[in-house]
Amino acid sequence: MIEGDESAFTGIYRQYHRALYTYLLRICKIPSLTEDLVHDVFLKVWEIRDRINPALPFTGYLYRIARNHAFKTLQKLAHDTVLQEKVLEHLQFQGNGPEQLVNEKEYNRLFHEALGRLTPQRLNVFRLCRQEGKSYDEAAAILGISRNAVKKHMVLSMRAIHNYIYRHGLVIIMLYLIQKKF
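No experiment lies behind these values; they were computed from the predicted model shown.

Undergrad: For this particular structure, what's the right way to read helix 1 (residues 6-28)?
TA: Residue pairs three or four apart in sequence face the same way in an α-helix, which turns once every 3.6 residues. Remark: the principal bend of helix 1, roughly 45 degrees, maps to Tyr16. Within helix 1 the residues assigned to the buried category are Phe9, Ile12, Tyr16, His17, Leu20, Tyr23, Leu24, Ile27 and Cys28. Immediately downstream of helix 1, the backbone of Lys29 shows phi near 65 degrees, a positive value.

Right, dumping it as structure tokens:
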């Protein structure tokens, strides 16, 4: 393969495709995105084949490229609204199948973990405003704090929840958050 033998590359592709797909699916949880990532990784391997050191383990090299590419793609996805819309359209097309139910359960688990990490005051503000539907003014009156303090707690709560889910969750969960907009 290093010398440009396409049949050797095809053999490597066949040998590693399934395992690499499974590995990347655990990272991003979107089958169509995973398939694209796998193809991108193999394309990258083909493009830089002359720089591969045959003395080093190929599997480790392949998985490092895959992991780095997946994280770069997810990072791009987190900041690119056009890309987010495309993925959301794809997810909405999938409907309420078993995969969607698993994703919602995973989101709920992480969401409740994130709530558990909020300070008591932020949790109170979040519950009043988001879960009970109170306005910032109503929450301020109930808690005996200013409207600006409520607003600040909400901003910090939302940021903390988003960051927790982003760090501990998967891209599908981030997209679920974006879709639901709390």
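Having put the structure on the table, let's press on.
Undergrad: Honestly, the nonpolar core in this entry has me stumped. Any pointers?
TA: A general feature of soluble globular proteins is that nonpolar side chains tend to end up buried together. Core analysis: the biggest nonpolar cluster contains 26 residues, and Met1, Leu20, Leu24, Phe42, Val45, Phe58 and Leu62 have the highest contact counts within it. Those elements that provide at least two residues to this core are helix 1, helix 2 (31-47) and helix 3 (58-79). In this structure Val45 touches Met1, Ile52, Phe58, Leu62 and Ile65, once residues within four positions along its chain are discounted. The next biggest cluster of nonpolar side chains, apart from the first, holds 18 residues, and it includes Ala140, Met154, Ile161 and Tyr164.

Undergrad: Hey, could you run me through the side chain of Ser157 in this one?
TA: By the element assignment, Ser157 lies in helix 8 (residues 147-168). Owing to a relative accessible area of 0%, Ser157 belongs among the buried residues under this scheme. A polar contact is formed between the side chain of Ser157 and the backbone oxygen of His153, at a distance of 2.7 Å.

Undergrad: How should I be thinking about the confidence of the model for the chain in this particular structure?
TA: Segments scoring low in pLDDT should not have their predicted coordinates read at a detailed level. Of the residues in the chain, 75% reach a pLDDT of 70 or more, and the chain-wide mean stands at 80. Counting contacts from residues 177-182, a segment whose pLDDT is below 50, to residues more than four positions away or on other chains yields 14 contacts.

Undergrad: Whenever I open this one, the packing of helix 1 against helix 2 confuses me. Can you help?
TA: When two helices pack together, their arrangement is given by the angle between the helix axes and by the axis-to-axis distance. The interhelical angle for the contact between helix 1 and helix 2, taken along N-to-C directions, is 140 degrees, at an axis separation of 9 Å. Judged by the angle between their axes, helix 1 and helix 2 are oblique. When the axes of helix 1 and helix 2 are compared, the crossing they make is right-handed. Mapping the contact onto sequence places Glu6, Phe9, Ile12, Tyr13, Tyr16, His17, Leu20, Tyr21, Leu24, Leu25 and Cys28 in helix 1 and Pro31, Leu33, Thr34, Glu35, Leu37, Val38, His39, Val41, Phe42 and Trp46 in helix 2. Grouping the constituent residues of the contact of helix 1 with helix 2 by class yields 16 nonpolar, three polar and two charged.

Conventions and cut-offs
- Residues numbered from 1 in each chain as written.
- Predicted model: local features only at pLDDT ≥ 70, side-chain atom pairs only at ≥ 80, totals over all residues.
- Heavy atoms only, no water.
- Bend = angle between axes of the 7 residues up to and from the residue.
- Helix = DSSP H or I, 4+ residues; strand = E, 2+ residues; numbered from the N terminus.
- Buried < 20%, exposed > 50% of the residue type's maximum accessible area, 1.4 Å probe, protein only.
- Core = buried A, V, L, I, M, F, W, Y, C linked by side-chain atoms within 4.5 Å.
- Contact = heavy atoms within 4.5 Å.
- Polar contact = N/O pair within 3.5 Å; in protein donor to acceptor, adjacent residues only side chain to side chain.
- pLDDT = per-residue confidence, 0-100.
- Axes fitted to C-alpha atoms, helices over the stretch in contact; angles between N-to-C directions.
- Parallel < 35°, antiparallel > 145°, perpendicular 65-115°, else oblique.
- Left-handed = near helix turned anticlockwise from the far one by under 90°.
- Nonpolar A, V, L, I, M, F, W, Y, C, P; charged D, E, K, R; others polar.

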